[in-house]
Amino acid sequence: MRDYISACGFPLVEVGGTPVPRLILGHLPFLGESYQGLEKNREYVVRFSKIENTIRVMRRAVEEYGVTAFAAAAYVEDGLSRLFYKAIKEIVKATGIEIAVIPCLRIPLTLDGEPVDDYRRWLTYYEIERRLTDEKALTDKYLDDPILQCRRGWKTRFREALRGGLEPYHAEDLERLQVDYQVLVEELRSIEGFNSILVELGSETDFLAMAGRLDLLSGIVEWLRRRLVCPVVLGVHHAGTTIPILERASVDFCGYITPVNSMGALMLPDMNTALKAIKAAEKPKIAIKPLAGGRIPPKTALRFVYGEVGVEACMIGVASEEEVEEDLSTALRILTNP
């Protein structure tokens, strides 16, 4: 069995003392998420419900390009996530190459025993960020961002929320936030037996940071550190607002996973503010959404994230062997011939 480091075809960087390939295979296409709309999502679900299709795409990335690190999602039920992990085991068996994974754990936040409402959470982000930037530009960003619009009913429901259909969470609500650690236990159980080199806490990180509940975030990180041997990184979608908070905080994490692309898709509260915070951050940055859901050509996208922004690593999702060849060959040329 070759370990993921010796078999890797891409340069490596260190995150929290752990070697991490600068190119990481994204997982969302294998779970049915295209960021191109419901029709494309359904196409992906049909395609990757057959595990042989997942294995074929993964194997091409591993054998031809030396991709040995995969992003992943913890799972607590059957579905495409379970097939994804099964495919990884099959790839390891077939190739004799160790696959490293970087699983993302959802932070299960509750209020008075009920899960935090996603739309009230996003409305809370909006209420905080509108005090920090131009309100009209922020409204347009929330309503028209191409990736946010891929959420079913997003624009209609969020516009209704802005018109008073929902209340943001208030200070007294945020004081009562709690973490359902039993769900985290189940998420960790789902990734047992895989070689996790980093573990990511999901984008609820933004909520805890903006809500002033760094105590809860720090508590989760410490809880994970007692149970895992790998570093903890934080998923951030509101980089311009959240990263400056986290850079000043005493939370013991090792890096960021955050959207970076030349369109500014899902870079909040706006592209310029997000880029300023990302470039100023002292901890390593791993870019997600570099192609903005397939809206940016690979060469343009990767020259931007690796060259102009200078991120340490990047996650790229592929949904076909053709995409493997185009995206990964481009990344390899850029990283080995700067």
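Quick summary incoming for the structure in this document. Treat the numbers as computed from the prediction; the structure is a model and nothing was measured. (Residues numbered from 1 in each chain as written. Predicted model: local features only at pLDDT ≥ 70, side-chain atom pairs only at ≥ 80, totals over all residues. Heavy atoms only, no water.)

**Things to note about the pairing of strand β12 (residues 256-259)**
On any regular strand, side chains alternate: one points to one face of the sheet, the next to the other face. Here β12 shows two buried faces, one formed by Tyr 256 and Thr 258 and the other by Ile 257 and Pro 259. Of the strand pairs in this sheet, strand β11 (residues 232-235) and β12 are connected by 2 bridges, and their pairing is parallel. Bridging from a neighbouring strand, Leu 234 pairs with Tyr 256 of β12. Between β11 and its parallel partner β12, the chain crosses via helix α11 (residues 239-248), and the hand of that crossover is right-handed. (Buried < 20%, exposed > 50% of the residue type's maximum accessible area, 1.4 Å probe, protein only. Helix = DSSP H or I, 4+ residues; strand = E, 2+ residues; numbered from the N terminus. Pairing = 2+ DSSP bridges. Right-handed = clockwise from strand over helix to strand, strands pointing away.)

**Concerning helix α13 (residues 298-309)**
Between its first and last C-alpha atoms α13 spans 15 Å; for 12 residues at 1.5 Å apiece the expected length is 16 Å, and the two agree. Within α13, burial applies to Pro 298, Ala 301, Leu 302, Phe 304, Val 305, Tyr 306 and Val 309. Taken end-on, α13 shows its buried residues confined to a sector of 165 degrees, consistent with a single buried face. In α13, the exposed positions that point more than 90 degrees away from the buried face belong to Arg 303, Gly 307 and Glu 308. Where α13 is buried, its residues meet β3 (23-25), α12 (271-280), β14 (313-316) and α14 (321-336). Gly 310 occupies a position one or two residues after α13 and carries a positive phi of about 80 degrees. (Expected span 1.5 Å × (residues − 1). Arc of directions from axis to C-beta. Contact = heavy atoms within 4.5 Å.)

**What about unusual backbone geometry?**
Residues Leu 268 and Pro 269 are joined by a peptide bond in cis, for which omega reads 0 degrees. Relative to the helices and strands, Pro 269 resides in the loop between β12 and α12. The backbone of Ala 292 shows a phi angle near 50 degrees, a positive value even though the residue is not glycine. Take Ala 292: it is sitting in the loop between β13 (285-288) and α13.

**Quick notes on the sheet that holds strand β8 (residues 177-179)**
Taken together, the 3 strands give an open sheet; going across it, the order is β7-β6-β8, and neighbouring strands pair in antiparallel fashion. For this open sheet the edge positions go to β7 (114-115) and β8, each flanked by a neighbour on one side alone. Summarising the sheet, strand β6 (residues 109-111) and β7 pair through 2 bridges and their orientation is antiparallel. When the sheet's bridge partners are listed, Leu 111 is paired in β7 with Glu 114.

**A word on the packing of helix α4 (residues 118-129) against helix α6 (residues 154-165)**
In the contact formed by α4 and α6, the axes pass within 10 Å of each other and the chain directions differ by 60 degrees. Crossing of α4 against α6: the hand is right-handed. Within the contact between the two elements, α4 uses Tyr 119, Trp 122, Leu 123 and Tyr 126 and α6 uses Trp 154, Arg 157, Phe 158, Ala 161 and Leu 162. For the contact of α4 with α6, the class distribution of residues is 8 nonpolar, no polar and 1 charged. (Axes fitted to C-alpha atoms, helices over the stretch in contact; angles between N-to-C directions. Left-handed = near helix turned anticlockwise from the far one by under 90°. Nonpolar A, V, L, I, M, F, W, Y, C, P; charged D, E, K, R; others polar.)

**Overview of the packing of aromatic side chains**
Per the counting criterion, the structure on display carries 17 aromatic pairs. With 6.2 Å between their ring centres and 75 degrees between their planes, Tyr 126 and Phe 158 make a pair best called edge-to-face. A residue pair is termed long-range when its members are at least 10 positions apart, and Tyr 126 in helix α4 and Phe 158 in helix α6 qualify at 32 residues. The pair formed by Tyr 126 and Phe 158 is uniform in burial state, with each residue classed as buried. Between Trp 154 and Phe 158, the aromatic rings sit 4.9 Å apart at their centres with planes inclined by 10 degrees, giving stacked as the arrangement. Here Trp 154 and its partner Phe 158 are both found in helix α6, 4 residues apart, which amounts to about one turn of the helix. (Phe/Tyr/Trp six-rings, centres within 6.5 Å; stacked < 30°, edge-to-face > 60°.)

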